[in-house]
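# Fold and contact review
What follows is each chain in one-letter form.
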Amino acid sequence: MPGPARRPRRRLAQPREQVLAAAMATIAAEGLERLTMAGLGREVGMSSGHILYYFGTKDALLLQTLQWSEEQLGAERRAALSRRVPARERLDALVDLYLPQGHRDPRWTLWLEVWNRSRSADDETRERQLELELAWHRDLVALLVEGISKGEFRPVDAERFATRTRALLDGFGSQLVVGLPGTDREEVRGHVREFLDEALSAPGK
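Keep in mind that this is a model prediction, so the values were computed, not measured. (Residues numbered from 1 in each chain as written. Predicted model: local features only at pLDDT ≥ 70, side-chain atom pairs only at ≥ 80, totals over all residues. Heavy atoms only, no water.)

## Concerning the overall build of the chain
Where we set the bar: Numbered from the N terminus, helices here are DSSP runs of H or I no shorter than four residues, and strands are runs of E no shorter than two. In this analysis, two residues are considered to be in contact whenever any of their non-hydrogen atoms come within 4.5 Å of each other. Note that accessible areas follow from Shrake-Rupley with a 1.4 Å probe, and for residues the cover is restricted to the protein chains shown. A positive count includes Lys and Arg, and a negative count includes Asp and Glu. His and the chain ends are not counted in either. Charged groups are reduced to one reference atom each: NZ for lysine, CZ for arginine, CG for aspartic acid, CD for glutamic acid.
Secondary structure summary: the chain contains nine helices and zero strands in total. The helix and strand sequence of the chain, counted from the amino end, reads α-α-α-α-α-α-α-α-α. By principal-axis analysis of the C-alpha atoms, the chain measures approximately 65 × 35 × 35 Å. Within the chain, contacts between residues at least 6 apart in sequence are counted, and of these 67% link residues at least 24 apart. For the chain, the accessible area works out to roughly 11,500 Å², and carbon and sulfur atoms hold 52% of it. On the chain, the mean spot of the 31 positive side-chain charges and the mean spot of the 31 negative ones are 4 Å from each other.

Written out as structure tokens, the structure is:
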């Protein structure tokens, strides 16, 4: 089955950003296995050698593409968390942004590939990956602390609860993105909502 139609390519101010945008578009439209330096070069009008000049290796390109993608999603997350609605509603919005849209979600596909390649990565690369994780963690902890302070959530250790919640989302997310038979996004969202309701509902609510 053909992938979704590629969106028209927009010219970006920096060659580096052009390559990252093209890499993410290729993953979304054709899958990670079709992503090559030569193909990216054709997309952005550069030689594969020129792309290597900017990124060094394909592993570095994938990590920087993931970072770029997370920057875009981070802006959406901050907007969702800044809305003047109850903390519980914003928590649901964060969960929706965290979970993959479904089988072969490009962001999650890239994330899994980067983590798989990181088994032999250097300390600097691992630190950059950790920072991507911590961005979600910090926002989740802050939201939990706010909800607890306003009496919307029962008192919990926000740091520990956030760690366990992200592990739950990672487990369900991995099943969704690989297309595990019988795994449905709406069903997953239901499981997560039930868990959060049971764990966080303040007494009398």
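There is more to say, and it comes next.
## Some points on a negative patch on the surface
Selection criterion: Nonpolar side chains (Val, Leu, Ile, Met, Phe, Trp, Tyr) within 5 Å and like charges within 9 Å form the patches, drawn only from residues with over 30% relative accessible area and no salt bridge. By definition, a salt bridge exists where a carboxyl oxygen of Asp or Glu is found within 4 Å of a side-chain nitrogen of Lys or Arg. Relative accessibility decides the category of a residue: with a 1.4 Å probe and only protein chains considered, values under 20% of the type maximum give buried, values over 50% give exposed, and everything between is partly exposed.
Judged by side-chain charge, Asp-122, Asp-123, Glu-124 and Glu-127 come together as a negatively charged surface patch. With respect to the element layout, Glu-124 can be found in helix α7 (residues 123-149). The exposure class of Glu-124 is exposed, given its relative accessible area of 55%.

## Details of the pattern of salt bridges
Considering all chains together, one arrives at 14 salt bridges under this definition. In this structure, Arg-189 and Asp-96 form a salt bridge, with 2.7 Å as the shortest nitrogen-oxygen distance. On the criterion of sequence distance, the pair formed by Arg-189 in helix α9 (residues 185-200) and Asp-96 in helix α5 (residues 87-98) is long-range, its members being 93 residues apart. Between Arg-189 and Glu-186 there is a salt bridge, with the nearest N and O atoms lying 2.8 Å from each other. Separated by three residues within a single helix, Arg-189 and Glu-186 lie in helix α9, roughly one turn from each other. Among the charged side chains, a salt-bridge network with shared partners connects Asp-59, Glu-113 and Arg-117.

## Some thoughts on the packing of helix α6 (residues 106-117) against α7
Applicable threshold: Helix axes use the C-alpha atoms of the stretch in contact, all axes being lines fitted to C-alpha atoms, and the angles between their N-to-C directions lie in the range 0 to 180 degrees. With respect to orientation, any angle under 35 degrees is reported as roughly parallel, any angle over 145 as roughly antiparallel, any angle of 65 to 115 as roughly perpendicular, and every other angle as oblique. Should the near helix be turned counterclockwise from the far one by less than a right angle, the crossing is left-handed, whereas a clockwise turn marks it as right-handed. Note that Gly is not counted as nonpolar here; it falls among the polar residues with everything else outside the nonpolar set of Ala, Val, Leu, Ile, Met, Phe, Trp, Tyr, Cys and Pro and the charged set of Asp, Glu, Lys and Arg.
Interhelical geometry of α6 versus α7 gives an angle of 135° and a closest axis separation of 11 Å. Looking at the two axes, α6 sits oblique to α7. As α6 runs across α7, the sense of the crossing is left-handed. Only Gln-129, Leu-132, Glu-133 and Trp-136 of α7 make contact with α6, whose side of the interface consists of Arg-107, Trp-111, Val-114 and Trp-115. The residue makeup of the contact of α6 with α7, split by class, is five nonpolar, one polar and two charged.

## Observations concerning helix α1 (residues 15-30)
Let me state the cut-off plainly: To estimate the expected span of a helix, count its residues, drop one, and scale the result by 1.5 Å.
Its 16 residues give α1 an end-to-end C-alpha distance of 22 Å, which sits within 8% of 22 Å, the value for a rise of 1.5 Å per residue. Residues of α1 that are buried include every one of Gln-18, Val-19, Leu-20, Ala-22, Ala-23, Met-24, Thr-26, Ile-27 and Ala-29, and no others. Looking at the packing, one finds that the buried side of α1 touches α2 (37-44), α3 (48-55), α4 (58-81) and α6. Looking at the residues trailing α1, positive phi occurs at Gly-31, about 95°.

## What to know about the packing of aromatic side chains
Quick note on the threshold: By convention, a stacked pair of Phe, Tyr or Trp rings (six-membered ring in the case of Trp) has centres within 6.5 Å and planes under 30 degrees apart, an edge-to-face pair has planes over 60 apart, and any other such pair is tilted.
Summed over all chains, the structure comprises five aromatic pairs. Seen from their ring centres, Tyr-98 and Trp-136 are 4.9 Å apart, and the 70° between their planes marks the pair as edge-to-face. Within this pair, whereas Tyr-98 is found in helix α5, its partner Trp-136 is found in helix α7, the two being separated by 38 residues in sequence. Like Trp-136, Tyr-98 is buried. When the centroid spacing of 5.6 Å and the interplanar angle of 10° are considered together, the rings of Phe-161 and Phe-195 count as stacked.

## Overview of the environment of Thr-165
Relative to the assigned elements, Thr-165 resides in helix α8 (residues 158-177). Classification of Thr-165 as buried rests on a relative accessible area of 2%. As for Thr-165 and Arg-189, which are separated by 24 residues in sequence, their C-alpha atoms are 13 Å apart. Beyond its immediate stretch of four places on either side in the chain, Thr-165 contacts Leu-140, Phe-195 and Leu-196.

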